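Below, each chain spelled out in residue letters.
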Amino acid sequence: MTVLAEPEITRSRPDASQMARWAISDALVMTRRNLLVWLRVPAYIVFTVVQPVIFVLLFRYVFGGAIAAPGSGGYVDYLMPGIIGQTAAFATFATAIALAQEATKGVIDRFRAMPMARSAVLAGRLIADSIRMLIVILVIIGVGYAVGFRFQNGVGGAVGMVLLAEAFGVTVCSVSAFVGLAIKDEESVQAFGLIWIFPLTFVSSAFVPIATMPGWLQVFANNQPVTLVINAMRAMALGGPQFPLNPALWESLVWLAGVLIVFVPLAVRSYRRVG
Amino acid sequence: MGVQHIGDAIEVSALHKSFGKVHALRGIDFTVPRGSVLGMLGPNGAGKTTAVRVLTTLLRPDSGRVVIEGYDVVRDAAAVRRRIGLAGQATAIQLELTGRENLEIMGRLSHMPRGSVRGRAAELLVRFEIADAADRPAKTYSGGMQRRLDLAASLIAEPSVLFLDEPTTGLDPHGRLGMWEIIRELVGRGTTLLLTTQYLDEADELANTIVVVDRGEVIASGTPDQLKDQVGGDLLEFTVPDRARIDEAVQAVAGLSDAAPTVETESRRIKVAVGSHGSTALVEAVRRLDAAGVETEDLALHRPSLDDVFLAVTGHAAEASSNDRGHAHKSPSTGVPA
């Protein structure tokens, strides 16, 4: 009989600190894997970067002329925080689709039969997607600068806006992760799993002042979380009396925390139930 | 639970698993000695994949016990995962990444020391004949290469027990043969292997022991030869070109064994079950037919195939395998008795 030599590392039961170190390193390996995939597929890059850039140009030059915006900077300044928020939300389509694919193809099963940390698939996905999101946001800000956008509220405000956009994106990611893992079918995810993102982003203050909408729609638009987040982002980017920071900021943080508290456990639960 | 396993790498007892009203596993028992190959054979939906999912810690059993290398799959799941490898019908290969990247990522996720991952991946790429394509994205690989890469990924951390869930399903004949060769080589290195298959010839070819699973139960088990003996051992077959002389031929071979010869009138084919005395019976048959002056064609001795085993123990054919691979054949019992 062959005596199989076991690696030293597997012989004893790992302690808590070792487990934590593995959880971090496994999440980072998964992050690297996911980012490599993104960089290898031109279609993903086009979808995630080129599409928001087209939105910037479309709203700046095609629709923008017809939209009167409050504030001193004109429509382009009003628009950019909205586009950035919408981009963060749309970026999560990729989260849902990737997880749905991995669930149906049996990839997640394979990972779960390995000694890797249970958290690594979801954590690696969220970290990779927030890095991807940050890259896209920075590209869009660059494009915005080229078409006349300027931050009006200093570096602190600009950094705050990007951070809030990231927090918003990660929150929507948690919902998308749940949707992707629960539905598990790529076409269904694309067809209706994330359809709610459209009304939430378009019926908000992202592209047009809410005052221009019919009254019944204003009730929804004024009170839904995307408007609150974008108002707070706009306040940080532009400052000034037309764009008050509060209560939009704390209200949006409460919303984001609430959504995370609900959807992170749901996503984890559907991850456990995959297959 | 210690590591005091005497010689069994896998012990399964009274394993039950239901999904709602569907009883996927209804009390499965078997053991797999270290270094041996167990073939789990059954049609689609028999419960093979459910069994593999329980054995690899992916599903909790409702009741029963599974011990892998001395560790319970429920209580010591983490310890089990450090000792097993799994490759399935679906590959875990990320097609956008290169073969090398795929292996290195799997190695890192198996908590191999960073320094040894690179060398181990390179070694596997050579051994599985992917070295030339190691730095190309896996989506440019053939089906057989992707499957080999997937198998290599499951071996990266040198598991002592390997589970292969239908490793050749969907491969072309060339790919299947290549896979068989690799599996044989693995077993030669002492890896314990459990493989599921719908292909009877595959279990016959690769496994030391076979358990036949149908509707969530083990309905037969043994070595391939033992299973074949259960359905009557060797079978003598020949064709009589001249239809008028069939009766004479039947009379000539009738005394060869206790079993009566069967005749398929249409094909003019005669079969006699001759137990385990195949060679003697063959010589005797030639002598008698010659003495009777009956001309025959294609006189041959067949060991029963596992298709016959399946039909005998389940009462139905292993539909998924024999049908879609085009060698459905009639068993003696479907012939017209003489």
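Residues numbered from 1 in each chain as written. Chains lettered and ligands numbered in written order. Predicted model: local features only at pLDDT ≥ 70, side-chain atom pairs only at ≥ 80, totals over all residues.

### Re the overall build of chain B
Inference 1: Broken down by element type, chain B carries 12 helices and 15 strands.
Inference 2: Here chain B, with 338 residues, has 48% of them falling under the buried criterion.
Inference 3: Contacts in chain B between residues far apart in sequence, at least 24 positions, make up 70% of those at least 6 positions apart. (Helix = DSSP H or I, 4+ residues; strand = E, 2+ residues; numbered from the N terminus. Buried ≥ 20, exposed ≤ 12 C-beta atoms within 10 Å, placed from the backbone. Contact = placed C-beta atoms within 7 Å.)

### Regarding the overall build of chain A
Inference 1: When you go through chain A residue by residue, the secondary structure sums to 12 helices and 0 strands.
Inference 2: Looking at chain A as a whole, 44% of its 275 residues are labelled buried.
Inference 3: Contacts in chain A between residues at least 24 apart in sequence constitute 80% of all its contacts with a sequence separation of at least 6.

### Some points on the interface of chain B and chain A
Inference 1: With 25 residues of chain B at the contact, the number on the chain A side is 24 residues.
Inference 2: For the side of chain B that touches chain A, the secondary-structure elements that each account for two or more residues are α2 (77-81), β6 (84-87) and α3 (99-109) of chain B.
Inference 3: Looking at which element gives the most residues to the side of chain B that touches chain A, the answer is α3(B), with 4 residues.
Inference 4: Tallied by class, residues from the side of chain B that touches chain A come to 10 nonpolar, 9 polar and 6 charged. (Nonpolar A, V, L, I, M, F, W, Y, C, P; charged D, E, K, R; others polar.)

### Some remarks on unusual backbone geometry
When glycine is set aside, most residues are seen to have a negative phi, and most peptide bonds are trans.
All names here are of chain A.
Inference 1: Residue P247 follows N246 across a cis peptide bond; omega there is 15°.
Inference 2: Along the chain, the position of P247 falls in the loop between α11 (225-238) and α12 (248-273).
Inference 3: Phi is positive for K184, close to 60°, though the residue is something other than glycine.
Inference 4: Note on K184: 21 C-beta atoms within 10 Å, which makes it buried.

### A closer look at the confidence of the model for chain B
All names here are of chain B.
Inference 1: Confidence along chain B averages 83 in pLDDT terms, with 89% of residues attaining 70 or more.
Inference 2: Mean pLDDT across the elements of chain B ranges from a minimum in strand β15 (residues 336-337), with 36, to a maximum in α3, with 94.
Inference 3: Predicted confidence is poor over residues 1-5, with pLDDT under 50, and the contacts of this stretch with residues over four places away or in other chains come to 9 contacts.
Inference 4: Every residue in residues 320-338 is under pLDDT 50, and counting partners more than four places away or in other chains gives 34 contacts. (pLDDT = per-residue confidence, 0-100.)

### Focus: the environment of B:D62
Residue and element names in this part refer to chain B.
Inference 1: With respect to the element layout, D62 can be found in the loop between α1 (48-55) and β4 (63-68).
Inference 2: Note on D62: 14 C-beta atoms within 10 Å, which makes it partly exposed.
Inference 3: For D62 and K17, which are 45 residues apart along the polypeptide, the C-alpha to C-alpha distance reads 5.0 Å.
Inference 4: With sequence-adjacent residues up to four places away left out, D62 is seen in contact with H16, K17 and S18.

### Examining the sheet that holds strand β7 (residues 161-165) of chain B
Whenever strands of a sheet pair, they do so through backbone hydrogen bonds, lying parallel or antiparallel.
Residue and element names in this part refer to chain B.
Inference 1: Spatially, 6 strands are ordered β6-β7-β8-β3-β9-β10 in an open sheet, and the strand pairing comes out mixed. A single partner strand is all that each edge strand has here, and the edge strands are β6 and β10 (217-222). This sheet shows a mean twist of 15° between the axes of neighbouring strands, independent of strand direction.
Inference 2: Across 5 bridges, the pairing between β7 and strand β8 (residues 192-197) is parallel. Pairing of V161 across the sheet is with T192, part of β8.
Inference 3: Helix α5 (residues 143-155) rests against β6 and β7 of the sheet, and its axis sits at about 165° to β6. (Pairing = 2+ DSSP bridges. Axes fitted to C-alpha atoms, helices over the stretch in contact; angles between N-to-C directions.)

### What about the sheet that holds β4(B)?
Residues and elements named next belong to chain B.
Inference 1: Spatial strand order, β2-β1-β4-β5: 4 strands in an open sheet with antiparallel pairing. One side of each edge strand has no neighbouring strand; the edge strands of this open sheet are β2 (22-33) and β5 (71-72).
Inference 2: The pairing of strand β1 (residues 8-19) with β4 spans 5 bridges and is antiparallel. When the sheet's bridge partners are listed, H16 is paired in β4 with S63.

### Some words on the nonpolar core
Inference 1: A:M233 and B:I68 are the most contacted members of the largest nonpolar core, which totals 153 residues.
Inference 2: Ranked by residues supplied to this core, first place goes to helix α7 (residues 154-183) of chain A with 15 residues.
Inference 3: In contact with B:I68, other than residues within four places in its own chain, are B:A9, B:I10, B:L55, B:V73, B:V80, B:R83, B:I84 and B:V161.
Inference 4: Core analysis: the next-biggest nonpolar cluster, separate from the first, contains 17 residues, B:A249, B:V253, B:V272 and B:L289 among them. (Core = buried A, V, L, I, M, F, W, Y, C linked by C-beta atoms within 7 Å.)

### Things to note about the packing of helix α9 (residues 246-253) of chain B against helix α10 (residues 278-292) of chain B
Residue and element names in this part refer to chain B.
Inference 1: As a packed pair, α9 and α10 sit with axes 9 Å apart at the nearest point and diverge in direction by 135°. Between α9 and α10, the angle falls in the class oblique. In the packing of α9 onto α10, the handedness of the crossing is right-handed. Seen from α9, the contacting residues are E248, A249, A252 and V253; seen from α10, they are A285, R288, L289 and A292.
Inference 2: Grouping the constituent residues of the contact of α9 with α10 by class yields 6 nonpolar, no polar and 2 charged. (Parallel < 35°, antiparallel > 145°, perpendicular 65-115°, else oblique. Left-handed = near helix turned anticlockwise from the far one by under 90°.)

### A short note on the confidence of the model for chain A
Inference 1: Averaged over all residues, the pLDDT of chain A is 85; the fraction at 70 or higher stands at 95%.
Inference 2: Taken as a whole, residues 1-11 of chain A scores under 50 in pLDDT and shows 9 contacts with residues more than four places along the chain or in a different chain.

### Things to note about the pairing of strand β14 (residues 297-302) of chain B
Residue and element names in this part refer to chain B.
Inference 1: Little of β14 sits out of view: just 0 of its 6 residues are buried.
Inference 2: Pairing of strand β11 (residues 234-239) with β14, which is carried by 4 bridges, proceeds in the antiparallel orientation. From the neighbouring strand, L236 faces β14, where its bridge partner is L301.

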